[in-house]
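Given next are the chains, with one letter for each unit.
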Amino acid sequence: MENMKWIVLAVAVVMYALVIAFQDKKVWFTSAAAFIVIVLGMIFPGKVFILPEDIMARESASPAHWYSLTHSFADIINWNVLLIYLGSMIIAALFIYSKAPARMADAIISKSRNTGLAMVAILAMTGIISIFVENVATVLVMAPIALALCAKLKINPTLFMMGLAVMSNLEGTATLVGDPPSMIFASYAGYNFNDFFIHDGTPSIFFIIQSGMIAGCVFFYFFFAKNGKNKIDMDRSDVLSWFPFILLLIMILGLAGISFIHISFEYLSGLFVFALGILGIIWYRVMQKKSGAETWGLIKELDWETIFFLMGIFVVIGGIRETGLLNDFASFLARITGGSVFAGFIIILVVSILISGFVDNVPYIIAMLPVAGSMAAQMGIKSELLMFALLVGSCLGGNLTPFGASANIVTMGIVKKEGHPFRFSQWIKIGVPFTIITTAVAAAVLWLLWA
């Protein structure tokens with residue numbers, strides 16, 4: 001078991017290195033690594049994945065050899081998370097198609113007293129949409145509005161567009177359906193939709209993130225206040241249909257309601273969101289009178305890469321967890337902090353920010369949640385303190401650099417097409433202080449609530 005532990009770790013290290021070096025091929029590398037881990041488990045039963053007692057007691061070796069395969073697909077891959085993500089992606093795509101977000105933004109601009117407040121309000125709305133819609137999709141929804149506003153003001157859209165990306169990354173952490181890291185955290189911690197708001201009678205991650213959003217809005221207001229005190233008129237967007245918005249509301253209310261249902265069926269929330277997504281596709285095909293090719297085009301454009309990427313990561317990290325490596329790492333971190341809760345909190349937070357500024361936070365979250373939980377248990381403290389620090393640091397840390405999150409990369413592409421190439425130094429100039437300020441405020445509120 002000890003030797004296999006390091007072999008599995010080596011597979012994971014090589015996988016991470018290749019994913020970082022070749023982002024466009026990351027699904028191939030995670031799938032190959034997952035395949036290797038499963039095969040190792042089949043060749044060496046009980047050395048990678050822990051065998052149940054009933055299989056160990058059997059004389060026949062066949063069930064033990066096949067356990068690695070069945071265990072990986074039935075238990076280690078989190079199908080509930082994948083179903084929630086897939087269903088919410090469909091609803092988000094239809095929400096964008098409906099043009100309802102653009103109409104909402106127009107209303108915000110018309111109600112704002114001046115352009116500076118209007119720009120900050122648009123950023124706040126971007127964050128609010130990102131609470132329920134995937135970050136990249138949120139940026140794509142809001143980008144035309146931001147560009148039109150900047151054109152009327154005759155200003156460079158670079159900073160405003162960057163604001164869309166960082167605010168969507170920030171708020172995507174706030175609820176169970178906002179972003180994959182939140183879904184993964186909820187699955188590991190056993191959190192339901194309502195637990196993101198109040199858990200054990202204490203304000204939870206939603207309110208911690210809102211403190212960061214307020215700090216972010218203040219930060220950007222100082223940049224945008226100079227753009228004038230006059231109101232500005234925007235062309236009013238026509239909404240194709242409010243049905244996708246209704247689906248979004250049903251999803252939110254339904255997940256909140258499911259939180260109160262105490263049954264052992266672990267896929268209930270995932271199947272509920274997925275069913276709403278299927279209903280949305282039927283509406284798109286029948287009520288919107290779309291052709292089969294158009295409907296298939298909508299489905300094909302969903303983020304399937306992330307789905308398969310998550311499947312591979314789940315298997316590899318599952319193998320690392322069951323070999324005991326994550327517990328070893330948690331013990332190491334607990335030792336170097338000398339048992340200091342504050343030191344452990346700061347280490348988890350800072351390391352998460354730095355790593356997530358350069359690599360995808362999904363595999364990092366999957367790997368580190370058990371470490372944070374085990375570390376908290378060894379220190380005798382509430383696991384939320386370190387797990388929330390991990391979540392805040394890894395999600396807000398993506399704002400540090402222009403390639404720290406997918407939304408950042410998409411934003412740079414949009415701005416470049418508009419004739420304003422984005423330099424790395426430009427992003428750092430804003431991204432670093434924004435990340436430090438928002439993370440510091442959110443971390444302070446987290447410490448006051450949960451320490």
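Scroll up to find the structure this text is about.
Procedures and definitions
- Every chain is numbered on its own, with residues counted from 1 as its sequence reads.
- Local features in this predicted model are restricted to residues whose pLDDT is 70 or higher, and side-chain atom pairs enter the listing and the counts only when it is 80 or higher, whereas totals over whole chains, interfaces and linings include all residues.
- The side-chain values count all of the structure's non-hydrogen atoms but skip hydrogen atoms and water molecules.
- In this text, helices come from DSSP runs of H or I with a minimum length of four residues, and strands from runs of E with a minimum of two, each type numbered from the N-terminal end.
- When checking whether two residues touch, look at their non-hydrogen atoms; a contact exists if any pair is within 4.5 Å.
- As a rule, the C-alpha atoms of each element are fitted with a line to give its axis, helices using only the stretch in contact, and angles between N-to-C directions run from 0 to 180 degrees.
- Any angle between 65 and 115 degrees counts as roughly perpendicular, while under 35 counts as roughly parallel, over 145 as roughly antiparallel, and the rest as oblique.
- Classes in brief: Ala, Val, Leu, Ile, Met, Phe, Trp, Tyr, Cys and Pro nonpolar; Asp, Glu, Lys and Arg charged; the others, Gly included, polar.
- The classification of residues rests on relative accessible area computed with a 1.4 Å probe and restricted to protein chains. Under 20% of the type maximum is buried, over 50% is exposed, and intermediate values are partly exposed.
- Expected helix span is given by 1.5 Å per residue-to-residue step, counting one fewer step than there are residues.
- Only residues whose relative accessible area exceeds 30% and that form no salt bridge enter a patch; like-charged residues are grouped when within 9 Å of one another, and nonpolar side chains (Val, Leu, Ile, Met, Phe, Trp, Tyr) when within 5 Å.
- The method behind every accessible area is Shrake-Rupley, applied with a 1.4 Å probe, and residues are considered shielded solely by the protein chains displayed.
- Here, a salt bridge means any Lys or Arg side-chain nitrogen found within 4 Å of an Asp or Glu carboxyl oxygen.
- When we speak of the arc, we mean the arc of directions from the helix axis to the C-beta atoms.
- Planes of paired rings set the category: under 30 degrees apart is stacked, over 60 is edge-to-face and the rest tilted, where pairs are Phe, Tyr or Trp rings (Trp by its six-membered ring) whose centres lie within 6.5 Å.
- To form a nonpolar core, buried Ala, Val, Leu, Ile, Met, Phe, Trp, Tyr and Cys residues must be joined to one another through side-chain atoms within 4.5 Å.
- The disulfide criterion used throughout: a pair of cysteine sulfur atoms within 2.5 Å.
- In summary, the charge assignment counts Lys and Arg as positive and Asp and Glu as negative, without counting His or the chain termini.
- Pairs of N or O atoms are called polar contacts if they sit within 3.5 Å, as long as, within protein, a hydrogen donor faces a hydrogen acceptor (for residues adjacent in sequence, only side-chain-to-side-chain pairs).

Enquirer: Quick question: what am I supposed to make of the environment of Val 141 here?
Expert: In this structure, Val 141 sits in helix 8 (residues 135–153). For the pair formed by Val 141 and Ala 92, sequence separation is 49 residues and the distance between their alpha carbons is 9.8 Å. Ignoring anything within four residues of it in the chain, the contact list for Val 141 reads Ile 96 and Pro 101.

Enquirer: How should the packing of helix 9 (residues 158–171) against helix 11 (residues 205–224) be read in this particular structure?
Expert: Two quantities define a packed helix pair, namely the angle between the axes and the distance from one axis to the other. Across the interface, helix 9 lies against helix 11 with an axial gap of 10 Å and an inter-helix angle of 175°. As the angle between them shows, helix 9 and helix 11 are arranged roughly antiparallel. Listed contacts from helix 11 to Leu 159, Phe 160, Gly 163, Val 166, Met 167, Leu 170 and Glu 171 of helix 9 are Ile 209, Gln 210, Gly 212, Met 213, Cys 217, Phe 220, Phe 223 and Phe 224. Within the contact of helix 9 with helix 11, the residues separate by chemical class into 11 nonpolar, 3 polar and 1 charged.

Enquirer: Honestly, the environment of Gly 163 in this entry has me stumped. Any pointers?
Expert: One can find Gly 163 in helix 9. Accessibility expressed as a relative area gives 0% for Gly 163, which makes it buried. Once residues within four sequence positions are removed from consideration, Gly 163 is found in contact with Leu 123 and Phe 220.

Enquirer: So what exactly am I meant to see when it comes to helix 15 (residues 304–323) here?
Expert: Every α-helix carries 3.6 residues per turn, so stepping three or four residues along brings you back to the same face. Look at helix 15: 30 Å from first C-alpha to last across 20 residues, which is about the 28 Å you get at 1.5 Å a residue. Taken across its 20 residues, helix 15 has 16 buried, putting it largely inside the fold. One or two residues past the end of helix 15 sits Gly 324, with phi positive at roughly 95°.

Enquirer: What's the story with a nonpolar patch on the surface in this structure? I'm lost.
Expert: The grouping of Ile 278, Ile 282, Val 286 and Met 287 at the surface amounts to a nonpolar patch, some 380 Å² of accessible area in total. Within the secondary structure layout, Met 287 lies in the loop between helix 13 (268–286) and helix 14 (292–300). The exposed category is assigned to Met 287, whose relative accessible area is 57%.

Enquirer: I'm lost on helix 17 (residues 341–356) in this one. Help?
Expert: Between its first and last C-alpha, helix 17 extends 22 Å over 16 residues, near the 22 Å set by a 1.5 Å rise per residue. Where helix 17 is concerned, the buried positions are Gly 344, Phe 345, Ile 348, Leu 349, Ser 352, Ile 353 and Ser 356. Viewed end-on, helix 17 has its buried residues packed into an arc of 155°, placing them on one side of the element.

Enquirer: Teacher, can you tell me more about the packing of aromatic side chains here?
Expert: Two aromatic rings, taken as a pair, are described by how far apart their centres are and by the angle between their planes. Evaluation of the coordinates by the stated rule reveals 19 aromatic pairs. Between Phe 95 and Phe 245 the ring centres are 6.1 Å apart and the planes differ by 25°, which places this aromatic pair in the stacked class. Of the two residues, Phe 95 is situated in helix 5 (residues 79–98) and Phe 245 in helix 12 (residues 243–258); the sequence distance between them amounts to 150 residues. Judged by relative accessible area, which is 3%, Phe 95 ranks as buried. When the centroid spacing of 6.1 Å and the interplanar angle of 90° are considered together, the rings of Tyr 191 and Phe 196 count as edge-to-face.

Enquirer: What exactly am I supposed to notice about the nonpolar core here?
Expert: A general tendency of soluble globular proteins is for nonpolar side chains to be buried together. Judged by nonpolar contacts, the single largest core of 150 residues is most densely connected at Met 142, Phe 160, Ile 184 and Phe 314. Those residues in contact with Phe 314 that lie beyond four places of it in its chain are Ile 76, Ile 77, Asn 78, Val 81, Leu 82, Ile 184 and Ile 366.

Enquirer: Help me out: how do you make sense of the environment of Pro 402 in this one?
Expert: For Pro 402, the position within the fold is in the loop between helix 19 (383–396) and helix 20 (406–417). Aside from chain neighbours lying at most four places away, what touches Pro 402 is Asn 408, Ile 409, Met 412, Phe 424 and Trp 427.

Enquirer: What's the story with unusual backbone geometry in this structure? I'm lost.
Expert: Negative phi characterises most residues that are not glycine, and trans characterises most peptide bonds. Of note in this structure, Lys 99 is not a glycine but carries a positive phi near 70°. Tracing the sequence through the fold places Lys 99 in the loop between helix 5 and helix 6 (100–111). Taking the relative accessible area as the measure of exposure, Lys 99 reaches 44% and is therefore partly exposed. In the Ramachandran plot, Lys 289 falls in the positive-phi region, its phi being about 55° despite a non-glycine side chain. Lys 289 gets classed as exposed once you look at its relative accessible area, which sits at 73%.

Enquirer: What should I look at first to understand the state of the cysteines in this one?
Expert: As used in these notes, a disulfide is a covalent bond between sulfur atoms, one from each of two cysteines. By the definition in use, this model includes 0 disulfides. The thiol of Cys 395 is unpaired, and the distance to the nearest cysteine sulfur, on Cys 217, comes to 18 Å. Exposure remark for Cys 395: the relative accessible area of 4% places this residue in the buried category.

Enquirer: Looking at this structure, I do not really get the side chain of Lys 290. What am I missing?
Expert: Inspection of the secondary structure assignment puts Lys 290 in the loop between helix 13 and helix 14. Within the buried set, Lys 290 has no salt-bridge partner at all; the shortest N-O distance to an opposite charge, 4.6 Å, is to Glu 294. The contacts of Lys 290, once residues within four sequence positions are left out, are Tyr 97, Tyr 284, Arg 285 and Thr 295.

Enquirer: Would you mind going over the side chain of Asn 169 with me for this structure?
Expert: Position of Asn 169 relative to the elements: it lies in helix 9. In this structure the side chain of Asn 169 is engaged in a polar contact, spanning 2.8 Å, whose partner is the side chain of Asn 408. Aside from chain neighbours lying at most four places away, what touches Asn 169 is Asn 135, Cys 395, Gly 398, Asn 399, Ala 405, Ala 407 and Asn 408.

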